[in-house]
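Given next are the chains, with one letter for each unit.
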Amino acid sequence: MADNFYKHTLLPTLSLFTSVGTLVCCALPALFVTLGMGAALAGFVSTAPWLVALSEYKVFVFIIAGILLAAAAIFQYRARNAPCPADPASAAACMRLRKFSVVVLAVSILIYTIGFFFAFIASKIFYG
């Protein structure tokens, strides 16, 4: 039971939080500057000063988030055909958990991709 919890819930949830971390640390500031919202960015940074320190290490943040996403995707792929319990209620819970973890993983990958685009690619496109 604990092994299923780790593979189906904990790892995708951790990857979601690290993906959101990449979005907050790097994508939102780049988006604010691109849209000409420098004052909003200044207010955001004054409210959360740790954001500046986190942004200085954005490469490491993205590497760790990418590793967690890859691990979650590997575990999800390997468990795709794992048997569920024979009890109908437990089997239904098992299938709901699988669907939920796929959704969490997909949202995490989407957020990570958006963060990666704004942190590393958008500045090259918009500012040459």
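A brief look at the structure comes next. From a predicted model like this one, the values you see are computed outputs, not experimental measurements. (Residues numbered from 1 in each chain as written. Predicted model: local features only at pLDDT ≥ 70, side-chain atom pairs only at ≥ 80, totals over all residues. Heavy atoms only, no water.)

**Notes on the state of the cysteines**
Okay, so step 1: Counted according to the given criterion, the structure contains 1 disulfide.
Okay, so step 2: Bridging Cys84 to Cys94, the disulfide has an S-S length of 2.1 Å. When the S-S torsion is -65°, as for the bridge of Cys84 with Cys94, the disulfide is left-handed. In this pair, Cys84 is assigned in the loop between helix H4 (58-78) and helix H5 (88-127) and Cys94 in helix H5, connecting sequence segments 10 residues apart.
Okay, so step 3: On the basis of relative accessibility, which here comes to 24%, the residue Cys84 falls in the partly exposed class.
Okay, so step 4: Take Cys94: its relative accessible area is 16%, and that puts it in the buried class. (Disulfide = S-S within 2.5 Å. Helix = DSSP H or I, 4+ residues; strand = E, 2+ residues; numbered from the N terminus. Buried < 20%, exposed > 50% of the residue type's maximum accessible area, 1.4 Å probe, protein only.)

**What about the packing of aromatic side chains?**
Okay, so step 1: The tally for this structure, following the rule as stated, stands at 6 aromatic pairs.
Okay, so step 2: Seen in terms of ring centroids, Tyr57 and Phe60 are 6.5 Å apart; in terms of plane orientation they differ by 40°. Their pairing is tilted.
Okay, so step 3: Ring centres of Phe117 and Phe118 lie 5.2 Å apart, and the angle between their planes is 80°; this geometry places the pair in the edge-to-face category.
Okay, so step 4: Of the residues examined, Phe117 reaches a relative accessible area of 31% and is grouped as partly exposed.
Okay, so step 5: Overall, the relative accessible area of 17% leaves Phe118 in the buried class.
Okay, so step 6: What links up through ring pairs into an aromatic cluster is the set Phe62, Tyr112, Phe116 and Phe120.
Okay, so step 7: The ring of Phe120 carries the charged tip of Lys58 above its face, separated from the ring centre by 4.9 Å.
Okay, so step 8: Against the face of Tyr77 rests Arg80, its NZ or CZ located 3.8 Å from the ring centre. (Phe/Tyr/Trp six-rings, centres within 6.5 Å; stacked < 30°, edge-to-face > 60°. Lys NZ or Arg CZ within 6 Å of the ring centre and 35° of its normal.)

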